[in-house]
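What the coordinates show
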There are 2 protein chains.
Amino acid sequence: MSIGTFHTEAGAAIPGAEIAYQRFGAFAGEGRGSNNVIVVEHALTGDSNVPDWWAELIGPGRALDTDRWCIIATNALGGCRGSTGPSSPHPSSGVWGSRFPALSIRDLVEAERAALRALGIEHVHAIIGGSMGGARTLEWSLMHPDFLDAACAIAVSARASGWQIGIQSAQISAIERDPFWQGGDYYATDAAPLEGLAAARRIAHLTYRGEQEIDERFGSQAQEGENPLGAFRSPQQRFAVNSYLDYQGAKLAQRFDAGSYVVLTEALNRHDIGRGRGGLNKALGSSHVPTMVVGVDTDILYPYHQQEHLSRNLGNLLAMAKVVSPVGHDAFLAEARQMDRILRNFLHLAQSPGK
Amino acid sequence: MSIGTFHTEAGAAIPGAEIAYQRFGAFAGEGRGSNNVIVVEHALTGDSNVPDWWAELIGPGRALDTDRWCIIATNALGGCRGSTGPSSPHPSSGVWGSRFPALSIRDLVEAERAALRALGIEHVHAIIGGSMGGARTLEWSLMHPDFLDAACAIAVSARASGWQIGIQSAQISAIERDPFWQGGDYYATDAAPLEGLAAARRIAHLTYRGEQEIDERFGSQAQEGENPLGAFRSPQQRFAVNSYLDYQGAKLAQRFDAGSYVVLTEALNRHDIGRGRGGLNKALGSSHVPTMVVGVDTDILYPYHQQEHLSRNLGNLLAMAKVVSPVGHDAFLAEARQMDRILRNFLHLAQSPGK
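Residues numbered from 1 in each chain as written. Chains lettered and ligands numbered in written order. Predicted model: local features only at pLDDT ≥ 70, side-chain atom pairs only at ≥ 80, totals over all residues. Heavy atoms only, no water.

**A closer look at the interface of chain A and chain B**
Note the threshold: Contacts were defined at the residue level, with two residues in contact if any of their heavy atoms lie within 4.5 Å. What gets called buried area is simply the loss in accessible area from a 1.4 Å probe that two parts show on being joined, summed for both. Here, a salt bridge means any Lys or Arg side-chain nitrogen found within 4 Å of an Asp or Glu carboxyl oxygen.
In this assembly, 58 residues from chain A lie in contact with 58 residues from chain B. Across the interface of chain A and chain B, roughly 4,500 Å² is buried in total on both sides, 58% from carbon and sulfur atoms. In terms of surface lost to chain B, no three residues of chain A exceed Trp163(A), Arg177(A) and Arg233(A), which account for 18% of the buried area on that side. There are 4 salt bridges connecting chain A and chain B. Measuring nitrogen to oxygen at the nearest pair gives 2.9 Å for the salt bridge that ties Arg159(B) to Asp215(A).

In structure tokens:
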């Protein structure tokens with residue numbers, strides 16, 4: 001889906017921008033009026049293939065019932081799953097690499113809006129998203145409140161916290177310090193910063209999972225067949241948790257582009273509902289889209305107090321829900337039973353928000 | 001202070017090992033019996049100069065009253081502040097570098113014990129330590145219960161948790177991935193892995209401070225004179241929190257050796273009170289040294305539930321105290337007023353633990 005030349009919030013241009021999307025379920029209703037579209041926003045390394053990462057929540061009879069709703073998901077601008085990002089061809093030569101500009105969450109929303117308009121959709125029933133998808137959902141409700149009937153923002157905050165910016169920047173640094181990164185222009189070389197990307201993911205993963213869950217699963221056990229207590233330390237003789245993190249890092253490095261990881265992580269650093277709107281609470285208070293806020297009690301990355309802050313200050317709070325889980329941030333992906341009830345409740349409330 | 005050839009728990013040898021120490025206050029009593037010695041154990045990048053990092057807690061009239069107590073602090077084996085570590089001369093050639101073996105917390109205790117014995121001290125009144133110092137304190141109470149009258153273990157756990165091992169290994173990885181690290185043998189080269197060490201410290205620092213404290217101090221503000229929201233991301237255009245973390249990283253890289261950082265971080269990975277003692281709770285239950293446990297309510301690195309676990313299972317719990325602070329793990333260094341009361345209370349209770 002071409003969206004033409006995209007202009008970023010900070011003043012750069014991306015000519016010939018493309019946004020990938022997928023649709024699940026048949027459209028019904030008016031493109032500019034009432035219809036059955038629900039936009040689902042993916043998280044940092046997710047994509048438009050919602051059944052990949054919310055398998056138990058989307059499909060016939062499921063909470064996101066594709067017999068009833070038309071679920072549309074785009075791949076974020078800057079990503080690497082079909083939308084234009086650093087690894088995409090540059091209009092003049094080669095690929096974008098370091099020429100790809102910085103994006104904000106607002107840019108991701110504007111690019112998505114352009115894609116939806118190109119599909120003839122000027123209004124949707126609801127927008128739902130967790131983590132980076134939650135940040136996009138909140139921005140949608142403030143940038144284009146008339147575009148949606150209701151919003152569901154999951155495991156997110158009103159702006160990036162200092163701690164989040166710090167730990168996210170540590171991930172960017174892990175990639176930048178990889179000699180194969182080449183300042184972001186590694187695409188024409190024989191090598192990719194896979195080690196740096198894996199290191200970034202290992203750090204990130206420790207913020208996606210609950211501290212107690214990680215300990216209950218791995219504790220200080222040795223990886224089977226390895227001895228992490230030998231006379232000399234060796235990266236090949238690991239604790240079980242490090243084998244797990246190595247696996248998570250390597251898996252992401254195989255499926256995701258380091259340049260996109262940096263661009264989208266930086267977009268999370270720039271997430272700030274209050275920017276240009278008189279501050280956080282004034283911005284939240286101005287929201288008139290009925291919005292449900294969902295948090296996870298053990299979330300390290302977006303601690304529950306951040307969702308409490310949202311719920312206290314949003315101008316039109318539809319409901320608040322807490323996922324109770326040892327899993328931490330990823331519980332919005334992992335706790336399907338609880339999320340099923342939450343999403344069903346959201347869609348029920350969203351049909352009569354004034355009640 | 002030479003301790004001769006040191007044999008590690010995992011079976012390596014360190015010939016000609018030296019342990020640096022400092023004493024504050026005059027010794028009184030018997031080296032093998034009752035005396036006024038309090039051993040203070042430093043944290044990961046601390047050293048034997050206690051007034052440097054506990055300035056308000058040590059000195060005449062202070063909680064660690066040097067008019068009354070003889071405070072002794074050693075620098076940990078493997079360190080770089082006077083004790084033998086990877087940057088020390090190797091008996092045969094050059095410096096130790098990658099030839100320096102892995103150490104456990106128990107090794108640090110045994111090396112310290114050898115140093116104290118060389119000073120003629122076979123018994124002390126108390127041992128006090130926080131973080132890595134708290135791990136040493138706990139091991140002291142189990143390895144040599146007759147060596148001390150009482151123990152105060154602060155902001156520590158019975159063993160490294162899976163999460164701790166993960167985040168600590170991320171720091172080791174940040175150093176190993178620095179091309180100047182040279183597998184640990186950078187000492188004869190012109191360069192040191194300062195970037196890797198700084199990256200490790202930036203990650204570590206985010207676990208030393210409370211999430212809300214970091215946010216209250218820095219939020220998503222820009223560093224003065226820099227613009228982190230420009231059209232292109234640049235490491236020179238920073239959020240304030242990243243400037244702060246860069247400063248913390250660079251400061252450590254100037255004063256600490258990367259090899260020592262790896263060895264001591266690995267010792268924290270291997271911290272496990274239960275190893276060879278029938279498991280965690282059997283080990284803790286066997287302890288008969290009166291032990292005070294101190295935790296911090298906002299500690300991310302050693303969450304308070306870990307100190308609750310210690311307090312529930314230690315065989316001879318003297319008292320439990322909670323530092324209430326936004327600061328997180330570092331509160332045991334930063335909250336001098338609260339720590340003053342806690343240490344005074346500990347020393348009071350330690351004088352009549354049977355009451």
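**Remarks on the UniProt feature "active site" (unreviewed entry) in chain A**
Residue and element names in this part refer to chain A. Formally: UniProt positions are given in the numbering used here, feature names are shortened, and annotations may be inferred rather than shown by experiment. Helix numbering and strand numbering both begin at the N terminus, where a helix is a DSSP run of H or I of at least 4 residues and a strand a DSSP run of E of at least 2. Any pair of N or O atoms that falls within 3.5 Å is considered a polar contact. Within protein, one atom must be able to donate a hydrogen and the other to accept it, and sequence-neighbouring residues count only if both atoms are side-chain atoms.
When the UniProt feature table is mapped to this numbering, "active site" (unreviewed entry) covers Ser131, Asp299 and His329. These annotated residues cover 199 residues of sequence, and their C-alpha atoms lie no more than 10.9 Å from one another, placing them together at a single site. Locating aspartate 299 in the fold gives a position in the loop between β10 (291-296) and α10 (304-313). When neighbours within four sequence positions are excluded, aspartate 299 is seen to be in contact with Ala155, Thr207, Gly328 and His329. The topology assignment puts histidine 329 in the loop between β11 (317-323) and α11 (331-334). Leave out the neighbours within four places in its chain, and histidine 329 touches Ser131, Ala155, Thr207, Tyr208, Val296, Asp299, Leu301 and Tyr302. In this structure the side chain of histidine 329 is engaged in a polar contact, spanning 2.7 Å, whose partner is the side chain of aspartate 299.

**A few points about the environment of Ser325(A)**
Residue and element names in this part refer to chain A. Our working definition: Note on exposure labels: buried denotes an accessible area under 20% of the residue type's maximum, exposed denotes more than 50%, and partly exposed covers the range between, all computed with a 1.4 Å probe on protein chains only.
Looking at the secondary structure, you find serine 325 in the loop between β11 and α11. Owing to a relative accessible area of 3%, serine 325 belongs among the buried residues under this scheme. When the C-alpha positions of serine 325 and aspartate 149 are compared, they lie 30 Å apart, and in sequence the two are 176 residues distant. Leave out the neighbours within four places in its chain, and serine 325 touches Asp297, Thr298, Ala331 and Glu335. In terms of polar contacts, serine 325 uses its side chain to reach the backbone amide nitrogen of valine 327, at 2.9 Å. Only 2.6 Å separates the side chain of serine 325 from the side chain of glutamate 335, close enough to count as a polar contact.

**Remarks on the pairing of strand β8 (residues 124-130) of chain A**
Residue and element names in this part refer to chain A. Under the convention used in this document: Note: two strands are recorded as paired if DSSP finds a minimum of 2 bridges between them. With its strands directed away from the observer, a crossover is right-handed exactly when the path from the first strand over the helix to the second travels clockwise.
Of all 7 residues in β8, 7 are buried, a share of seventy percent or more. Across 4 bridges, the pairing between strand β4 (residues 37-41) and β8 is parallel. From the neighbouring strand, isoleucine 38 faces β8, where its bridge partner is alanine 126. Inspection of the sheet shows β8 paired to strand β9 (residues 148-154) by 6 bridges, in the parallel sense. For glycine 130, the partnering residue across the bridge sits in β9 and is isoleucine 154. With helix α3 (residues 132-143) bridging β8 and its parallel neighbour β9, the resulting β-α-β unit is right-handed.

**Some details on unusual backbone geometry**
Residue and element names in this part refer to chain B. The backbone of serine 131 sits at a positive phi, close to 60°, despite the residue not being glycine. Of note, serine 131 is situated in the loop between β8 (124-130) and α3 (132-143). Even without glycine at this site, glutamine 182 takes up a positive phi of about 55°. Secondary-structure assignment places glutamine 182 in the loop between α4 (162-176) and α5 (194-208). According to the relative accessible area criterion, glutamine 182 is partly exposed, its value standing at 46%.

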